[in-house]
Amino acid sequence: MNTNVNDMADAIMKGLMEYADISAETVKSAVKKAGNTVKKEASANAPKKSGKYKKSFTVTKQKETAESLTVVVHSKNRYQLTHLLEKGHAKRGGGRVEGIPHIGPAEEKGIRQLAGEIERGLSG
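What comes next concerns the included structure. Worth saying up front: this structure is predicted, and the values here are computed from it rather than measured. (Residues numbered from 1 in each chain as written. Predicted model: local features only at pLDDT ≥ 70, side-chain atom pairs only at ≥ 80, totals over all residues. Heavy atoms only, no water.)

## Quick notes on the overall build of the protein chain
Alright, step 1. A count of helices and strands for the protein chain gives four helices and four strands.
Alright, step 2. Moving toward the C terminus, one meets the helices and strands of the protein chain in the order α-α-β-β-α-β-β-α.
Alright, step 3. Over its C-alpha atoms the protein chain spans a radius of gyration of 22 Å, topping by over 25% the 14 Å that the globule rule assigns to 124 residues.
Alright, step 4. The principal-axis extent of the C-alpha atoms belonging to the protein chain is close to 85 × 25 × 20 Å.
Alright, step 5. Relative to its full complement of 124 residues, the protein chain shows a buried share of 24%.
Alright, step 6. Of the roughly 9000 Å² that the protein chain leaves accessible, carbon and sulfur atoms contribute 55%. (Helix = DSSP H or I, 4+ residues; strand = E, 2+ residues; numbered from the N terminus. Rg over C-alpha atoms; globule rule 2.2 N^0.38 Å. Buried < 20%, exposed > 50% of the residue type's maximum accessible area, 1.4 Å probe, protein only. Areas by Shrake-Rupley, 256 points an atom, 1.4 Å probe, with all protein chains shown as cover.)

## Some points on the pattern of salt bridges
Alright, step 1. In this structure the tally under the stated criterion is five salt bridges.
Alright, step 2. Across the pair E117 and K33 runs a salt bridge whose closest N-O atoms are separated by 3.5 Å. Taken as a pair, E117 in helix α4 (residues 103–123) and K33 in helix α1 (residues 2–45) lie far apart in primary sequence, 84 residues in all.
Alright, step 3. In this structure, E64 and K61 form a salt bridge, with 3.0 Å as the shortest nitrogen-oxygen distance.
Alright, step 4. Residue E64 is classed as partly exposed on the basis of its relative accessible area, which comes to 38%. (Salt bridge = Lys/Arg side-chain N within 4 Å of Asp/Glu carboxyl O.)

## Thoughts on the nonpolar core
Alright, step 1. Grouped together as the largest cluster of nonpolar side chains are six residues: V38, A42, A46, Y53, F57 and A106.
Alright, step 2. If we ignore the near neighbours within four places in the chain, the residues touching V38 are V73, A106, E107 and G110. (Core = buried A, V, L, I, M, F, W, Y, C linked by side-chain atoms within 4.5 Å. Contact = heavy atoms within 4.5 Å.)

## Some thoughts on the packing of aromatic side chains
Alright, step 1. Scanning all chains against the criterion turns up one aromatic pair.
Alright, step 2. An angle of 70° between the planes, with centres 5.3 Å apart, marks the rings of Y53 and F57 as edge-to-face.
Alright, step 3. Assessed through its relative accessible area of 5%, Y53 is described here as buried. (Phe/Tyr/Trp six-rings, centres within 6.5 Å; stacked < 30°, edge-to-face > 60°.)

And the structure:
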């Protein structure tokens, strides 16, 4: 009888490990898709004076393990402008330049997409 319990425990453990692998791949795929969405949305809604800033957004993989993936969406070589353009800034001669929210809304959309992708991936 002890053999049956060990066999069942082994089968359960194998099933859990397979689910963990599937879950990790689902999450990694969802993170990649959400990162690309944030990049696309931030670029699409960024200020367009010369177009350089708008084209500078990129997705960079920060860390990847067997279980997780971390990506960062940022403005390559134009990071000094990001906060000023998003939040606004003071003018030299007085007054203020209004911010153009383009990163915050893109991030919110990416978060919603990430949650939906993970839910769909793990339920189906």
